[in-house]
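# A structural walkthrough
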Amino acid sequence: MISNIKPKEATSIINSLTGGVVPKIGVQHIAVGRSEEVNAAITSLEEVKNGHSIVKFWIGDFGSGKSFMLHLLNTVAMKQKFVVANADFTPDNRLYSNDGKSVILYSAIMDNIAIQTKPEGGALPILLEKWIEQVISRTAEENKILLTDIRSEQYRDLIRNSIMRTVNEITEVGGFDFGSVIVKYYDGYINNDELLRRNALKWLKGEYATKTEARQDLGIREIINDSNYYDMLKNFCKLFVNMGYSGFMINLDEAINLYKISTSAVREKNFEKILSIYNDCFQGKVSNLFINFAGTKDFLENERRGLFSYKALKSRLESNKFESLEIRDYAQPVIKLQPLDHNEIFVLLKKLKFIFNFNYKTELNVSDDDISVFMEEMFNKPGASEFLTPREVIRDFLNILNIIRQNPDVDKKRLFGEIEISDERPNDLAILDSIEEL
């Protein structure tokens, strides 16, 4: 049923889904009912590879699979040789701020940078060192110096100049400081100076709080802050393409946190930043960048606090008026995720049973008929049609498999009969009512 799944992926899938979160790796093995969305993403990735930039908004109800979709996009993009990064909006970070909350978002993005050989994130040092090695080889070739000699002290300035020249060629804003820090990283890397290498990485990840501290550690006068972090993301995008990658995909989840910002002026500034990113991408001001936002219908369409409260965004993000539930348009910036149907959930649960058995090296006595009985029990409960989400179905199913694995003689029908449906959806309207508009 599933081939080539790795033990690490199986453990990640079972542990994460049991905990109610999306696994960081292995999501391709449990992708069901999203083939149209994935095909649309593949088409978009091809466009981004060719130098275009794209912004997509993945909109769906609580538990509809938005986060899953972003992780699936990660997997697809990494196979297409993209550098990817995920970050969640929280009350402590946002796209626009003047109190450090934007640079917190930037740091989260840089911390989670992933490539195919390191899909869990934390790949920035690998990428920097790979690029430095490329520059060293290119410098040796251009200057007809043997690769065995180019690393000696006498050629260090040659390589530093080559790093600065290349960074200056590919960056537009903040390139000098950006290049100077990468030279510092090179010095730390080539001299095995771990502290210097770590400080340079700290700067690149936006973790210096003051210019004084950065000047003391690195001799660099600027730091990454709320006003320049987006330029740095664009610089990194160009650097990744220069390394030979197809582009940079950034996935931003939990966008409902922008909608919850209580101060209307700050909320509007954040929406203005989204508009600026949107225009940059679709007007061709930036290349090889793919940004995804995931949020609820309220985040998009609420006329008082959502993106539609900002007229310029509303005009860009309104659905294709010729689209319907049967006739979809996946090429538009907004893609609304429809709930999985019962057949798709059945297939998903069968896949999960296989992965569960693979992970625990067992063969549980749970047949397809048992899965059907489980689903009937869940979907026939009072409130199921209103409250039940795929996340809850999956978690209950895995919890029952765990009980059966540890208690082989347990009565399955009794477990199925004990299923209860609860409303796990956050009450955003109540939250809104409790937030004072400033």
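Residues numbered from 1 in each chain as written. Predicted model: local features only at pLDDT ≥ 70, side-chain atom pairs only at ≥ 80, totals over all residues. Heavy atoms only, no water.

### Notes on the overall build of the protein
Just so we agree on the cut-off: Starting at the N terminus, helices and strands are each numbered in turn, a helix being any DSSP run of H or I of at least four residues and a strand any DSSP run of E of at least two. Only C-alpha atoms enter the radius of gyration, while the globule expectation follows 2.2 Å times N to the 0.38, with N the number of residues. Accessibility here uses a 1.4 Å probe with only protein chains present; expressed as a share of the type maximum, an area under 20% marks a residue as buried, one over 50% as exposed, and anything in between as partly exposed. Contact definition: two residues touch when any of their heavy atoms are within 4.5 Å. Throughout, the Shrake-Rupley method with a 1.4 Å probe supplies accessible areas, and for residues the shown protein chains are the sole cover considered. When charges are counted, neither His nor the chain ends are considered; positive counts come from Lys and Arg and negative counts from Asp and Glu. Just so you know, the charge point we use is NZ for Lys, CZ for Arg, CG for Asp and CD for Glu.
Summing up its helical and strand segments, the protein has 20 helices and five strands in all. By the compact-globule yardstick of 22 Å for 438 residues, the protein fits well, its C-alpha radius of gyration being 24 Å. Expressed as lengths along the three principal axes of its C-alpha atoms, the size of the protein is roughly 75 × 55 × 40 Å. Expressed as a percentage of its 438 residues, the buried residues of the protein come to 52%. Expressed as a percentage of contacts within the protein between residues at least 6 apart in sequence, the contacts between residues at least 24 apart total 70%. By element, 48% of the accessible surface of the protein is carried by carbon and sulfur atoms, the whole surface being about 20200 Å². Averaging the coordinates of the 55 positive side-chain charges in the protein and doing the same for the 63 negative ones gives two points 4 Å apart.

### Observations concerning helix H8 (residues 194-204)
The complete set of buried residues in H8 reads Leu196, Arg197, Asn199, Ala200, Leu201, Trp203 and Leu204. Elements that come into contact with the buried residues of H8 comprise helix H4 (101-111), helix H5 (124-142), helix H7 (175-190), helix H9 (211-218) and helix H10 (229-243).

### Observations concerning the sheet that holds strand S5 (residues 334-336)
Spelled out, the test is: Note on pairing: DSSP must find at least two bridges between two strands before they are called paired. The axes are straight lines fitted to the C-alpha atoms, using for helices just the contacting stretch, and the angles between their N-to-C directions are given from 0 to 180°.
Strand order in this open sheet of five strands is S2-S3-S4-S1-S5, and the pairing throughout is parallel. The two strands at the open ends of the sheet, each matched to only one other strand, are strand S2 (83-88) and S5. Pairs of neighbouring strands in the sheet enclose a mean axial angle of 15 degrees, with direction left out of account. Direction of pairing for S2 relative to strand S3 (residues 248-253): parallel, over a ladder of six bridges. Following the sheet pairing, Ala85 is matched in S3 by Ile250. Docked against the sheet, H10 engages S2, S3 and strand S4 (289-295), running at close to 140 degrees with respect to S3. Each of strand S1 (54-59) and S4 touches helix H12 (residues 264-282); the most contacted strand, S1, lies at about 130 degrees to it.

### Thoughts on the pattern of salt bridges
For the record, the criterion: Definition used for salt bridges: Asp or Glu carboxyl oxygen within 4 Å of a side-chain nitrogen of Lys or Arg.
According to the stated counting rule, one finds 22 salt bridges in the structure shown. Between Arg34 and Glu37 there is a salt bridge, with its nearest N and O atoms 3.6 Å apart. One connected set of salt bridges, linked through shared partners, spans Asp111, Lys205 and Glu207.

### Some points on the packing of helix H15 (residues 342-360) against helix H18 (residues 390-406)
Put simply, the test is: Crossing handedness follows the turn of the near helix against the far one: under a right angle anticlockwise gives a left-handed crossing, and clockwise gives a right-handed one. Throughout, the ten residues Ala, Val, Leu, Ile, Met, Phe, Trp, Tyr, Cys and Pro are labelled nonpolar, Asp, Glu, Lys and Arg are labelled charged, and all others, Gly among them, are labelled polar.
Closest axis-to-axis distance for the H15/H18 pair is 11 Å, and the angle between their directions is 35 degrees. Regarding H15 and H18, the two cross each other, and that crossing is right-handed. Across the interface between the two elements, Ile345, Leu348, Leu349, Leu352, Lys353, Phe356 and Tyr360 from H15 touch Val393, Ile394, Phe397, Leu398, Leu401, Asn402 and Arg405 from H18. Residues that form the contact of H15 with H18 fall into these classes: 11 nonpolar, one polar and two charged.

### Here's the deal with the environment of Pro408
The topology assignment puts Pro408 in the loop between H18 and helix H19 (412-417). Judged by its relative accessible area of 63%, Pro408 is exposed. For the pair Pro408 and Gly295, spaced 113 residues apart in sequence, the C-alpha separation works out to 41 Å.

### Quick notes on the pairing of S4
A large share of S4 lies buried, amounting to seven of its seven residues. Here S4 shows a buried face lined by Leu289, Ile291, Phe293 and Gly295 and a second buried face lined by Phe290, Asn292 and Ala294. As defined by bridge partners, S1 adjoins S4 across six bridges and the pair is classed as parallel. For Ile59, the partnering residue across the bridge sits in S4 and is Gly295. Where S3 lies against S4, five bridges are found, and the strand directions are parallel. Bridge pairing links Phe248 to Leu289 in S4.

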